Amino acid sequence: MITALDHIAIAVPDLEKAIRRFSEDFGLHLEGTEDVVAARTVTAFFPLPPTSIELVHPLNGAGPIAKYLEKKPGGLHHICFRSDDLEADMARLRDKGYEFLGEQPSPGAHGSRTIFIHPRSCDGVLVELNQPAADPEQHASAS
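All values derive from a computational prediction rather than experimental measurement.

**Student:** Mind showing me how you'd approach the sheet that holds strand 5 (residues 75-83) here?
**Tutor:** The strands making up a sheet associate through hydrogen bonds between their backbones, and the pairing can be parallel or antiparallel. Reading across from one edge, 2-3-4-1-5-8-7-6 is the order of the eight strands in this open sheet, with mixed pairing throughout. At either end of the open sheet lies a strand with only one pairing partner, and these are strand 2 (32-36) and strand 6 (106-107). Across five bridges, the pairing between strand 1 (residues 2-11) and strand 4 (residues 51-58) is parallel. Among the inter-strand pairings, Ile10 is bridged to a residue of strand 4, identified as Leu55.

So this is what it looks like as structure tokens:
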């Protein structure tokens, strides 16, 4: 079941500049950065309980975020819903006709498992479903 808005992701062309903006200008606490190799991104999280703002930047200049930034100067990339049973949510949504960008979940930040719903299934919005790691210590060690 979907339990919360996990995060809002913003694609950024200059990660360090964006980190400074959110930490210095907006006064938000930087939880840390993490390379998410499976997604070819480097992420920076700013918790705003019960959700987070996630800055995403291409890892080594490649991947889907790099392609996104070739077309746009940055901006809102996706919203992410937290799930307590990712497979059940995927099955329920597939039965309703939702298309996913992949057949199986892949590794995400903080040891989570994640899958994206195709934007054409959600009125043009890219939606991520994310099931956090079972071990809360995995989340703490990621930053």
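**Student:** Can you help me understand the packing of aromatic side chains in this one?
**Tutor:** The geometry of an aromatic ring pair is captured by the separation of the ring centres together with the interplanar angle, meaning the angle of the planes. Enumeration according to the criterion identifies two aromatic pairs in this entry. With 5.2 Å between their ring centres and 80 degrees between their planes, Phe22 and Phe26 make a pair best called edge-to-face. A centroid spacing of 5.5 Å and a plane angle of 35 degrees characterise the contact between Phe22 and Phe46, whose relative ring orientation is tilted. Here the residue Phe22 occupies a position in helix 1 (residues 15-25), and Phe46 occupies one in strand 3 (residues 41-48), the gap between them amounting to 24 residues. Pair check on accessibility: Phe22 and Phe46 agree, each one buried. Every member of this aromatic cluster is reached through a ring pair, and the members are Phe22, Phe26 and Phe46.

What counts as what
- Residues numbered from 1 in each chain as written.
- Predicted model: local features only at pLDDT ≥ 70, side-chain atom pairs only at ≥ 80, totals over all residues.
- Heavy atoms only, no water.
- Pairing = 2+ DSSP bridges.
- Helix = DSSP H or I, 4+ residues; strand = E, 2+ residues; numbered from the N terminus.
- Phe/Tyr/Trp six-rings, centres within 6.5 Å; stacked < 30°, edge-to-face > 60°.
- Buried < 20%, exposed > 50% of the residue type's maximum accessible area, 1.4 Å probe, protein only.

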